[in-house]
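Per-entry structural report
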Amino acid sequence: MTTRAARVGFCAWILALTAVYYAFPASHLCTWALIGYSSAAMVLLGVRLHRPEHRLPWYLIAAALATFTTGDTWYNLILVLGREPRFPGLADLFYLLVYPLLTGGFLLFVRYRNRGSNRAALLDALVPTVGLGLLSWVYWIAPFTRSHDLSLLEKLVSIGYPLGDVLALAVTLRMLTSPGRRPRALTAIGVAILGLLVSDIFYGQSQLNSDWTLGGPVDFGWIVFYAVMGFMALMPSMRELSAERPPQVSTDMGTRRIVWMAAAALIAPVVLYIEWMNGREIEEARQGVVDAPVIAAAAALMFLLVLARVNGLAGAQRQARARERALRQAGTLLFSAATEQDAARAVRDAVATLVPAGQPYRLSLTAHAGDVPHIPGLRLITADELPAGVPSHGFGHFLYATMPLPGTGRLGAGLLGGDGALLRELLPSFEAYLAQIEVVMQRIGLTGEVNRRESEAYFRTLIQNAADVILIVGDDDLIRYASPSAATVLGHHDLEGTALSALIAVSHHDAMREILGSLRSGQGELDAPDLAVLRADGSLVQVECTGRDLRDDPTVRGVVLTVRDVTERRRLEQDLSHLAFHDGLTGLANRVLFRNRLDEEFAAAAESGLELGVLFVDLDDFKEVNDTLGHAVGDELLVAVGQRIDEVVGTAGTAARMGGDEFAVLVADDAEQVAARLVEALAVPVELGDGLGGTHIVSGAASVGVATNADADSPTELLRHADLALYQAKGGDKGTWQRYRPELHTEMVKRLETRAALHEAIEDDQLRVMYQPIVDLHSGEIVAVESLVRWQHPTRGLLGPYHFIEVAEESGVIVEIGGWVLREALAQLAAWRAADPATTLRYVSVNVSARQFRTPGFVDQVRRAIADAGARPEWLLLEITESLLLRDADQVAADLRTLRALGVRIAIDDFGTGYSSLSYLRQMPVDVLKVDKSFIDDILGSEQQRALVDAIVTLARNLDLTVVAEGIEDAGQRAALAGMGCPYGQGYLFSKPVWPGEIPALAHAMVPSPARA
């Protein structure tokens, strides 16, 4: 009988009995007895089928199930006979016997699975046990102790049930907190105990309220207990519960365990609060909470337990740091070793340092491991696994490793005996140290090899130690000589007299005959194709074969073949070939492979008349991800996007990463449908880790440009069309796709013409500066002007910034334009002040783009511009945008502080519309906030907008910042802003941008008269 069949049969049996139990109340006596006794029988059957290493705990569990069922059967029998069961009675005796039997079995599981003490696991189990025990006392045990209707014996028996449940729970938690892998059978025990606890709790409350009835829903928890315990014994993993394991000590605490312990530690204050709220009047009459001493004691105990756990974690951390330092010191000493003896002394010193003082251990090192096979790595073994003839010296556990030593066929071994838990704890440290030992041994071996080559004849050393296999083949195709390296490369120690064909794979026999025939025909040296050679162990290796015919040489008299194992080299070449045509980050095709396939598919489509589509995909907000979350998260986003694109495209097309955040897709048909699916797939946010334990939800939305061969005469034109379509998609609403249209080419040409004409505009002095006044809202006088660049185009007339600033930003011309405006504005202000020393103009405001500000030497440019214009630094106000602060914030802040130290003031333009808004005001050296026009437009019609502007003005005043409101167009807006305390403003209400010659007249016209003053 298989265990699977037993489990299926038992489940069906329990389900049938449960259905009969609830459907036919008259059958309670028989069905309940069958459920319980069959569960006990399944435990015994599981022991027989699986034959666990220790059977006693299983027999105790079976006895507990049988005792529990016997109590229930006796209780049900009294009810069937029409009598009322006595309390306490014989049934209660059976019930109470269940707990010591069940607890005894569980304790044996703990003992077998966790040899030695595990203080951390014990503390992790005690904290929730104390918390749940407190709950049992307050809501289950204490009511029995205070009941006036129960005798002393009845109280003791009633209290025995919750105490038994808490005991069973404590041992179950101890098993669950044990380190190592958790068997499925252990999880089943937790489910069974949970069912038992739930039913016992409801049963106890029913007893207190005298409303207990047989056959109710409370019985289902006991049915779960019976069924899961029986099913668990039939699971193959039940053997692991009673199997002895090496001692394991773990001080780590996962997130779930921390949450669990924190929740348990909060039980006491929560219970205290609930008790106070539920019985406030009663407790006040009693002058306090009745269970306060118990709650306080439980809280104190849990605090001490948690404190002890934290102390253990701190101690483990200190110990880990100490071992790390010891490992570094040991590594330093090891790498200074010049001989094997020096290395052995270093190893002994390292072990003595890493093993805690007072811990017994025994280290054995040997340079002659005998016939023991070499298994790479460090292993934790028991005394039974020791190599034959190696004594244990009374230790039960060992760390064992073998290592090739310098010299042919030499194998060394190291054996460290000690406490099992300690060895398991030190295993990672010794694994790292073993890797260092291997490096040192290789260095010692190489040093010895160099010394040997200097003392021996060069030719003999070369032949005997060459990595290549040298074979001499006679006319009968038999091997007459094989160099010693044949044993290493081919696994054959003696090849003399062996037919060459016996080494070569059958599929390459013809190639071998061609090689030998060519050599014997007098073709001299020959570079032959690779051959597949059969090793002694049956594996195939790829070899490169060269040869010479030396049959006329009396010292050779045969064909000399030099065989070199090129298996790894060919594999590396294949990998390099793959990397040459694939992106190293995403694994998709790269630009080269994409272009090759496009050329092939385009030619094939031209012949067949089929449609061929190219899609360009560009992430919309990738720069923001890199700037804010770092390049590591950006790389993860690219990988995730690449996977989604590959899933959408599938095998029907080619997906490639062209560079940066740009991808391309080649499809045979339905290009627009693929584009729509790509946009939809990439619109779903991606959850990425930052490598530091945190996660971020990042947008992978992208814009897609689509083009087909229907509008293109060549692959290059098709790519250009897709690029134009992508440009159109990104210029509109992001996260969309656009198909190429012929007019897109016209728009792009126009944009390129604008870019080229901008360079000519600077050289031909076509740029102009207009000025818009900045007015004191209370007095009406002009206190400053803002410089605004215009382009006097030769054919299109006077152009505003909307027509060319974006192109200037893309091309970088904005840096030259910004420098010219800065110099022009300062010179103009200096001229105004020289012409009229009494002018009210205090400063000129100049806009600075983020690209211009980040140009190396920008601060020096400002300093030179001020000096060349004969101006003073306080006459200049530089306007920057919030986007400047998103990247390189430290460098930006340093440059801003330098400018302020010079006397130049700084303003945040279009405040409130960027990413940072208020977060940088305290950190960055800023003097002025310019409130964006979008805030001012609705200030009269929207209370929310009015309140928002008022809040900005108040915030600026509290931070000692000056506010300038932009876009004031009517007197009502001016009055509202003045009422809020906003000092300055600009807009068409006062003046539109005007030419320099108009500013002096405006300044005089708006100076208030004495009557107004």
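Sequence order sets the numbering: in each chain, residues are counted from 1 along the sequence as written. It should be noted that, the model being predicted, local features are given only for residues of pLDDT at least 70 and side-chain atom pairs only at 80 or more, the latter also being counted only at that level, while totals for whole chains, interfaces and linings use all residues. To get the side-chain values, all heavy atoms of the structure are used, and hydrogens and water are removed first.

Looking at an unreviewed UniProt entry, one finds the chain named EAL domain-containing protein, with Paractinoplanes deccanensis as its source organism.

**Re the overall build of the chain**
The secondary structure listing takes helices from DSSP runs of H or I that are at least 4 residues long and strands from runs of E that are at least 2 residues long, numbered from the N terminus. The number of helices and strands found in the chain is 34 helices and 26 strands. Think of it in three bands: residues with accessible area under 20% of the maximum for their type are buried, residues over 50% are exposed, and the middle band is partly exposed, with areas taken using a 1.4 Å probe on protein chains only. Considering the chain as a whole, with its 1013 residues, one finds that 46% of them fall into the buried category. Taking as baseline every contact in the chain between residues at least 6 positions apart, the subset at least 24 positions apart corresponds to 66%. The Shrake-Rupley method, run with a 1.4 Å probe, gives the accessible areas here. Residue values count only the displayed protein chains as cover. Carbon and sulfur atoms form 56% of the exposed surface of the chain, whose accessible area is close to 50700 Å². Contacts are assigned to residue pairs that have any heavy atoms within 4.5 Å of one another.

**Brief notes about the sheet that holds strand 2 (residues 379-382)**
By definition, two strands form a pair when at least two bridges between them are found by DSSP. The sheet built from four strands is open, its strands ordered 1-4-3-2 with antiparallel pairing. If you trace the sheet from one side to the other, it starts and ends with strand 1 (361-366) and strand 2, each paired once. Sheet twist, expressed as the average angle between the axes of neighbouring strands with direction ignored, equals 25 degrees. Here four bridges tie strand 2 to strand 3 (residues 397-404), and the two strands are oriented antiparallel to one another. What sits directly across from L380, in strand 3, is L399. Axis lines are fitted to C-alpha atoms, over the contacting stretch for helices. Their N-to-C directions set the angle, which ranges from 0 to 180 degrees. Against the sheet, helix 14 (residues 340-354) engages strand 1 and strand 4 (411-418), with an angle of about 165 degrees to strand 1.

**Considerations on the nonpolar core**
A general feature of soluble globular proteins is that nonpolar side chains tend to end up buried together. Definition of nonpolar core: a set of buried residues of the types Ala, Val, Leu, Ile, Met, Phe, Trp, Tyr and Cys, connected through side-chain atoms within 4.5 Å. In this structure, L826, F853, V862, L876, L878, L899 and L977 are the most contacted members of the largest nonpolar core, which totals 77 residues. Per-element accounting of this core gives the leading share, ten residues, to helix 27 (residues 814-835). Apart from the residues within four sequence positions on either side, F853 is in contact with V848, F858, I880, L884, V892, D895, L896 and L899. Counting 55 residues, the second largest nonpolar core, distinct from the first, contains I14, Y99, L173 and W222.

**A closer look at the pairing of strand 24 (residues 928-931)**
Burial along strand 24 is two-sided: V928 and K930 facing one way and L929 and V931 facing the other are all buried. Of the pairings in the sheet, the one linking strand 23 (residues 905-911) to strand 24 comprises three bridges and is parallel in character. What sits directly across from A907, in strand 24, is V928. Here strand 24 pairs with strand 25 (residues 962-965) via four bridges, running parallel. Paired with L929 across the strands is V963, a residue of strand 25.

**Considering the sheet that holds strand 13 (residues 662-667)**
Read from one edge to the other, the open sheet built from five strands follows the order 12-13-11-16-17, with strand pairing classed as mixed. At either end of the open sheet lies a strand with only one pairing partner, and these are strand 12 (653-659) and strand 17 (737-739). Across the sheet, the mean angle from the axis of one strand to that of its neighbour is 20 degrees, orientation sign disregarded. Pairing geometry for strand 11 (residues 613-619) and strand 16 (residues 702-708), over seven bridges, is antiparallel. Residue pairing for strand 16: V617 is matched across the bridge by V704.

**Observations concerning the environment of F602**
You can see F602 is positioned in helix 20 (residues 591-608). Exposure remark for F602: the relative accessible area of 11% places this residue in the buried category. Separated by 110 residues in sequence, F602 and A712 have C-alpha atoms that sit 10.0 Å apart. Among all residues touching F602, those that are not within four sequence positions of it are L612, N709, A712, D713, S714, P715 and L718.

**Comments concerning the packing of helix 22 (residues 631-649) against helix 23 (residues 671-682)**
One way to put it is that helix 22 packs onto helix 23 with a least axis distance of 10 Å and a crossing angle of 145 degrees. Crossing geometry of helix 22 relative to helix 23 is assigned as right-handed. Across the interface between the two elements, V641, R644, I645 and V648 of helix 22 pack against V674, R677, L678, A681 and L682 of helix 23. Of the residues belonging to the contact of helix 22 with helix 23, the class tally is seven nonpolar, no polar and two charged. Left-handed is the label given to a crossing in which the near helix is rotated counterclockwise from the far helix by less than a right angle, and right-handed is the label when the rotation is clockwise. Throughout, the ten residues Ala, Val, Leu, Ile, Met, Phe, Trp, Tyr, Cys and Pro are labelled nonpolar, Asp, Glu, Lys and Arg are labelled charged, and all others, Gly among them, are labelled polar.

**Quick look at the pattern of salt bridges**
Any Lys or Arg side-chain nitrogen located within 4 Å of an Asp or Glu carboxyl oxygen qualifies as a salt bridge. Going through the model one piece at a time under the given rule, you end up with 24 salt bridges. Across the salt bridge formed by R739 and E672, the nearest N and O atoms sit 2.9 Å from each other. Residue R739 is located in strand 17, and its partner E672 is located in helix 23; the two are separated by 67 residues in the primary sequence. By relative accessible area, which is 26% here, R739 ends up partly exposed. A residue is classified by how much of its surface remains accessible, and E672, at 33% relative accessible area, is partly exposed. Three or more residues are tied together by salt bridges with common partners; here these are D530, E544, R569 and R570.

**Overview of the confidence of the model for the chain**
Within the chain, residue pLDDT values average 82, and 85% of them lie at 70 or more. Within the chain, strand 26 (residues 984-985) carries the highest mean pLDDT (96), whereas helix 12 (residues 280-285) carries the lowest (52). Residue-level confidence of the predictor is what pLDDT reports, using numbers from 0 through 100. Note that residues 1007-1013 has pLDDT below 50 and, in this model, four contacts with residues that lie over four places away or in other chains.

**What about the side chain of T567?**
Take T567: it is sitting in helix 19 (residues 567-581). Overall, the relative accessible area of 18% leaves T567 in the buried class. Look past the residues within four positions of T567 in its chain and what remains in contact with it is V541 and Q542.

**Considerations on the packing of aromatic side chains**
Working definition: a ring pair exists when centres of Phe, Tyr or Trp rings (six-membered ring for Trp) sit within 6.5 Å. Plane angles under 30 degrees give stacked, over 60 give edge-to-face, the rest tilted. This structure, assessed with the given rule, holds twelve aromatic pairs. Ring centres 5.2 Å apart and planes at 85 degrees place the aromatic pair Y21 and Y22 in the edge-to-face group. Y22 gets classed as partly exposed once you look at its relative accessible area, which sits at 32%. Each ring, one from F106 and one from F109, has its centre 6.4 Å from the other, and the planes form 25 degrees; the classification is stacked. On the criterion of helical spacing, the pair formed by F106 and F109 is a turn pair, its members being three residues apart in helix 4 (residues 90-113). Grouping residues by exposure puts F106 and F109 together as buried. Cluster of aromatic residues (ring-pair linked, three or more members): Y21, Y22, W32, F68, Y95, F225 and Y226. A cation sits over an aromatic face here: R905 above Y843, 4.6 Å from the ring centre. The criterion is that NZ of a Lys, or CZ of an Arg, lies within 6 Å of the ring centre and within 35 degrees of the ring normal, and then a charge sits over that ring.

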